[in-house]
Structures are given as structure tokens and as C-alpha cells.
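Listed below are the residues making up each chain.
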Amino acid sequence: MLIGVPKEIKNHEYRVGMTPASVRELVHAGHSVIVETLAGSGIGSTDSDFVAAGGEIVGTASEVFARSQMIVKVKEPQASEIAMLRVNQLLFTYLHLAPDAQQTAGLVASGATCIAYETITSALGGLPLLAPMSEVAGRMSIQAGAHVLEKAQGGRGMLLGGVPGVAPAKVVIIGGGVVGSNAAQMALGARAQVTVLDRSTQALARLDKEFNGAVKTVYSTQDSLEEYVLDADLVIGGVLIPGAAAPKLVTQAMVKAMKPGSVLVDVAIDQGGCFATSKATTHEDPTYVVDEVVHYCVANMPGGVAMTSTYALNNATLPYILKLANLGWKQALEQDVHFLAGLNVHAGQVTNEHVAKALGYTYLLPEIAVANADA
């Protein structure tokens with residue numbers, strides 16, 4: 001198979017779909033890889049690094065899209081990239097379609113087969129290709145929140161861990177999954193006062209055991225959510241319903257009642273955000289203020305630490321890229337029901353139930369899409 005890796009063009013996105021080491025693995029398996037020039041510059045990988053790994057460097061994204069059977073990216077395709085997709089071409093990347101009607105319409109119109117990292121499942125019930133970026137984003141949320149809490153950034157002027165004689169900041173984390181547990185780990189390490197809210201008693205028990213009681217765990221209800229959010233200095237939104245738009249758990253009225261200078265970091269912004277007042281921002285202009293509350297809603301947080309993120313992502317995606325290349329997408333998905341869960345769009349049809357429901361498309365079962373596809 002001929003695999004193409006374009007340079008990411010989203011605002012301040014420095015990651016790349018494949019590292020030179022991943023390219024070498026694909027070439028070793030008998031495939032060809034073309035990489036857009038400077039695609040790896042954000043992680044310190046030069047064109048010659050990709051050539052040494054057996055890849056071919058091309059000058060433009062249009063050549064990558066025109067020649068490749070499979071496109072491997074990091075972020076969802078931008079409008080100019082969607083316009084270059086074609087019928088029967090395979091796209092493998094993060095998509096986050098449920099809150100993005102424009103992207104979904106473009107992918108449907110393209111006729112391409114689009115597999116989303118974030119909806120692939122595992123036998124253990126996790127999301128193996130989302131997990132590494134959730135780990136990064138969870139950890140980043142605390143350092144970003146700590147920075148924004150500084151007075152010069154619009155925050156309350158608080159040091160996350162306080163000092164002897166002065167209380168630490170109160171950090172409230174909504175969601176006890178991968179984002180939440182990683183955020184809690186960093187916040188606890190910074191000596192903040194940490195509370196995690198979740199509706200899964202299993203998740204709360206796991207966190208209680210993981211942190212030996214040092215993190216306060218609270219069952220999430222309207223009452224408890226309001227109580228802890230209003231008392232917080234920093235709130236991390238880490239809620240996820242795989243494939244679906246994030247629920248708006250923190251209302252506009254709650255934001256208005258929060259302490260002036262408190263901070264909201266919405267890690268769920270890729271799926272539309274879990275705060276009613278959230279709107280996507282960029283690393284170039286990461287924050288805005290609503291009712292004296294500072295919002296940090298960067299939609300590609302892990303892109304800010306591109307080197308760590310790219311290598312962590314490739315550790316997870318490489319086996320799947322190899323399987324797609326070795327078997328073809330049809331056979332790869334037929335053999336693995338968890339991989340099949342990643343199929344979001346195929347040949348003009350929406351094959352993810354949450355996306356179809358959110359955006360008003362007729363839902364086509366992925367099993368049927370695969371069964372009816374040409375080998």
C-alpha cells in the first residue's frame with residue numbers, strides 16, 4: 001500500500017502522523033510511504049530522517065493526497081484537505097465529528113473511507129488510540145491551568161500548591177477517566193487540594209485506591225457539581241462519551257456564580273466541550289473571559305508538546321496502520337470488531353451511531369458498510 005503523511009495545517013499543530021521509526025516499520029513490511037516536506041519539523045525530524053527510514057519526500061500536500069491510498073494524519077482534515085480526498089481513499093486520523101457538521105458533510109461528500117482514532121475500542125472497554133492523547137491533555141491541563149491562574153494571565157493570582165501558612169488552590173476535576181486520573185496526578189504532585197467528580201462508582205473507587213485517599217472523590221449530581229464548581233479555583237473538564245458530543249455539565253448560571261478569576265480548562269472541547277460557555281481556542285490565543293471566569297479551551301492541547309505527543313500517539317497507532325496496510329481496511333475491520341468501531345464515514349454514509357444522531361444522518365451499521373464494500 002502507498003501511505004501518505006501530509007504536514008498538519010491546523011493552527012499551531014506541530015505533531016505529525018508518522019515518525020521516521022514508524023515509516024521504517026511500514027517500509028520494512030513492504031509498503032511505500034510519502035511524506036510532505038517539513039512534516040516532521042515540529043518534532044525535530046528532518047526530511048532526511050524520513051528518507052533514511054525509507055520514505056519519499058514530496059513537495060506539496062496535493063501530491064500526498066493525489067498519490068496515496070491511505071492518508072495518516074493527527075488532527076481532523078481541514079477544508080482544503082477534505083477537498084483533496086477522493087472515493088475509495090482511506091483516511092486514518094482523529095475526527096471528532098459529532099460537534100462538527102461542516103467536516104462531516106465534507107467527508108460524506110468525498111466518498112472516502114474515514115476511520116477515527118478516538119472511537120476505536122479495545123477488548124477491555126477502553127479507547128486505546130485516544131488514551132495517549134488523553135494522558136497528555138490531562139497532564140497539560142494542570143500546567144495550563146496553573147499558568148492561567150496567575151494574575152497576569154487573568155486568574156486569581158494563586159499558586160496551585162500554596163505555601164506554608166497559605167492554603168493551596170482548590171482543583172475540581174469533572175470525569176474520572178484517563179484525563180481525570182492524569183490531571184489528578186499532576187495536581188496532587190503540585191500540592192493542590194484535589195476533588196474528582198464522576199458518576200461511576202467504579203471509577204471513584206479506582207481513584208481512591210490509586211491515590212490512597214489523597215484525592216477527594218465525589219459522586220456527581222447536580223447538587224455536588226454545583227457545590228464544588230462554585231467553590232473551585234480551577235476546574236478541569238474531562239468528560240467523554242465516545243463518539244458523541246460532550247454533555248454541557250457546567251451551566252452558564254454556574255459559571256456566572258463562580259469566583260472571579262477562577263479558571264476553566266475544557267479538555268472535552270474536541271467533542272464540543274462540557275462547559276456551556278466553552279468555545280474552541282488555539283495555542284496562539286488560548287483563553288477568553290466570561291463572567292470574570294477565565295476559559296482555556298485549546299482544541300489541540302497535545303500539539304503544544306508535539307514531540308512527546310507524536311511519539312506517544314505512534315506507539316498506539318502503528319499496529320493499526322500496519323494492519324490496514326497489510327490486510328486492507330475491509331479485511332482489517334472484518335477481523336476485529338473493536339477496530340470496526342473506528343469506522344465513522346464510508347462511501348457517503350455515516351457509520352457511527354452517535355455522529356448520525358447528533359447531526360441528523362441516516363445511520364448505516366458499520367458491519368453492513370464493510371460487508372457491502374469491494375474487497
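Conventions adopted
- Residues numbered from 1 in each chain as written.
- Predicted model: local features only at pLDDT ≥ 70, side-chain atom pairs only at ≥ 80, totals over all residues.
- Heavy atoms only, no water.
- Helix = DSSP H or I, 4+ residues; strand = E, 2+ residues; numbered from the N terminus.
- Rg over C-alpha atoms; globule rule 2.2 N^0.38 Å.
- Areas by Shrake-Rupley, 256 points an atom, 1.4 Å probe, with all protein chains shown as cover.
- Lys, Arg positive; Asp, Glu negative; His and termini not counted.
- Charge placed at Lys NZ, Arg CZ, Asp CG, Glu CD.
- Buried < 20%, exposed > 50% of the residue type's maximum accessible area, 1.4 Å probe, protein only.
- Pairing = 2+ DSSP bridges.
- Right-handed = clockwise from strand over helix to strand, strands pointing away.
- Patch = residues over 30% accessible without salt bridge, like charges linked within 9 Å, V, L, I, M, F, W, Y side chains within 5 Å.
- Salt bridge = Lys/Arg side-chain N within 4 Å of Asp/Glu carboxyl O.
- Contact = heavy atoms within 4.5 Å.
- Axes fitted to C-alpha atoms, helices over the stretch in contact; angles between N-to-C directions.
- Polar contact = N/O pair within 3.5 Å; in protein donor to acceptor, adjacent residues only side chain to side chain.
- Arc of directions from axis to C-beta.

Novice: Sorry if this is basic, but what is going on with the overall build of the chain here?
Specialist: For the chain, the helix and strand inventory stands at 15 helices and 15 strands. Against the globule reference of 21 Å for 375 residues, the chain gives a C-alpha radius of gyration of 21 Å, in line with a compact fold. If one aligns the C-alpha atoms of the chain with their principal axes, the spans along those axes are about 65 × 45 × 35 Å. Working note: accessible area of the chain is about 15,400 Å², and carbon and sulfur atoms make up 53% of it. Charged side chains in the chain number 24 positive and 33 negative. The centres of these two groups are separated by 4 Å.

Novice: It is not clear to me how the pairing of strand β6 (residues 113-116) should be interpreted in this structure. Could you clarify?
Specialist: For a regular strand, side-chain orientation follows a simple rule: the groups alternate between the two sheet faces. Alternating positions in β6 separate into two faces, Thr-113 and Ile-115 on one and Cys-114 and Ala-116 on the other, with burial throughout. Relative to β6, strand β5 (residues 90-93) runs parallel, the two being bridged by four bridges. From the neighbouring strand, Thr-93 faces β6, where its bridge partner is Ala-116. At this point the chain moves from β5, through helix α5 (residues 101-110), to the parallel β6, and the crossover so formed is right-handed.

Novice: What should I look at first to understand unusual backbone geometry in this one?
Specialist: For residues other than glycine, phi is negative in most cases, and the peptide bonds are mostly trans. Its identity is not glycine, yet His-12 carries a phi of approximately 55°, on the positive side. Among the structural elements, His-12 can be located in the loop between β1 (2-5) and α1 (20-28). In this structure His-12 comes out as partly exposed when scored by relative accessible area, which is 30%. One non-glycine residue, Asn-88, adopts positive backbone phi at about 75°. Secondary-structure assignment places Asn-88 in the loop between α4 (79-82) and β5. The exposure class assigned to Asn-88 is exposed, which follows from its relative accessible area of 62%.

Novice: I tried to follow a nonpolar patch on the surface on my own but got confused; where do I start?
Specialist: A grouping of Leu-159, Val-163 and Val-166 is seen on the molecular surface, where their side chains present a nonpolar patch of about 280 Å² in accessible area. Position of Val-166 relative to the elements: it lies in the loop between α6 (131-148) and β7 (170-174).

Novice: What is the right way to read the sheet that holds β5 from this model?
Specialist: In any sheet, the strands associate via hydrogen bonds between backbone groups, in a parallel or an antiparallel arrangement. Here eight strands make up an open sheet; going across it, the order is β3-β2-β1-β4-β5-β6-β14-β15 and the pairing mixed. Each edge of the open sheet carries a strand with a single partner, namely β3 (56-58) and β15 (349-350). Along the sheet, helix α11 (residues 306-327) makes contact with β1, β4 (70-72), β5 and β6, crossing β5 at roughly 170°.

Novice: Explain the side chain of Glu-76 to me, please; I cannot follow it from the model alone.
Specialist: Along the polypeptide, Glu-76 turns up in the loop between β4 and α4. Judged by its relative accessible area of 11%, Glu-76 is buried. Of note is the side chain of Glu-76, whose polar atom sits 3.5 Å from the side chain of Lys-75. Every residue in contact with Glu-76, bar those within four places of it in the chain, is listed here: Lys-10, Glu-81, Thr-93, Tyr-94, Leu-95 and Gln-103.

Novice: Would you mind showing me how to read helix α9 (residues 222-231) here?
Specialist: Since the α-helix advances by 3.6 residues per turn, residues separated by three or four positions end up pointing in the same direction. Three or more residues of α9 are buried, namely Ser-224, Leu-225, Tyr-228 and Val-229. All buried residues of α9 project into a common sector of 115° when viewed along the axis, lining one side. For α9, exposure combined with an orientation more than 90 degrees from the buried face picks out Gln-222, Asp-223 and Glu-227. In this structure, the buried side of α9 is in contact with β7, β8 (193-198), β9 (216-219), β10 (234-237) and α10 (252-257).

Novice: Explain the sheet that holds strand β11 (residues 263-266) here, please?
Specialist: Pairing is mixed in the open sheet, where seven strands are placed in the order β9-β8-β7-β10-β11-β13-β12. Because the sheet does not close on itself, it has two edges, and the strands there are β9 and β12 (287-290). Direction aside, the axes of adjacent strands within the sheet are offset by 20° on average. As judged from the three bridges shared by β11 and strand β13 (residues 293-296), these two strands associate in the parallel manner. Paired with Val-263 across the bridge in β13 is Val-294. Sheet strands in contact with α6 are β7, β10, β11, β12 and β13, and its direction is about 150° off that of β10.

Novice: Would you explain the pairing of β13 in this entry?
Specialist: With burial as the criterion, each face of β13 is covered, one bearing Val-293 and His-295 and the other bearing Val-294 and Tyr-296. Taken together, β12 and the strand that follows it, β13, pair antiparallel across an intervening segment of two residues, in which Asp-291 is found at a positive phi of about 50°.

Novice: Sorry, what's going on with the pattern of salt bridges here?
Specialist: Applying the stated rule across the entire model yields 14 salt bridges. Arg-15 is the salt-bridge partner of Glu-13, the closest N and O atoms lying 2.8 Å from each other. The pair formed by Glu-13 and Arg-15 is uniform in burial state, with each residue classed as buried. For the salt bridge of Asp-336 with Lys-323, the shortest nitrogen-to-oxygen distance reads 3.7 Å. Here the residue Asp-336 occupies a position in the loop between α12 (329-334) and α13 (337-340), and Lys-323 occupies one in helix α11, the gap between them amounting to 13 residues. By relative accessible area, which is 18% here, Asp-336 ends up buried. Residues joined by salt bridges that share partners form a network here, namely Lys-10, Lys-75, Glu-76 and Asp-270.

Fair warning: the whole summary comes from geometry, so function is off the table for now.
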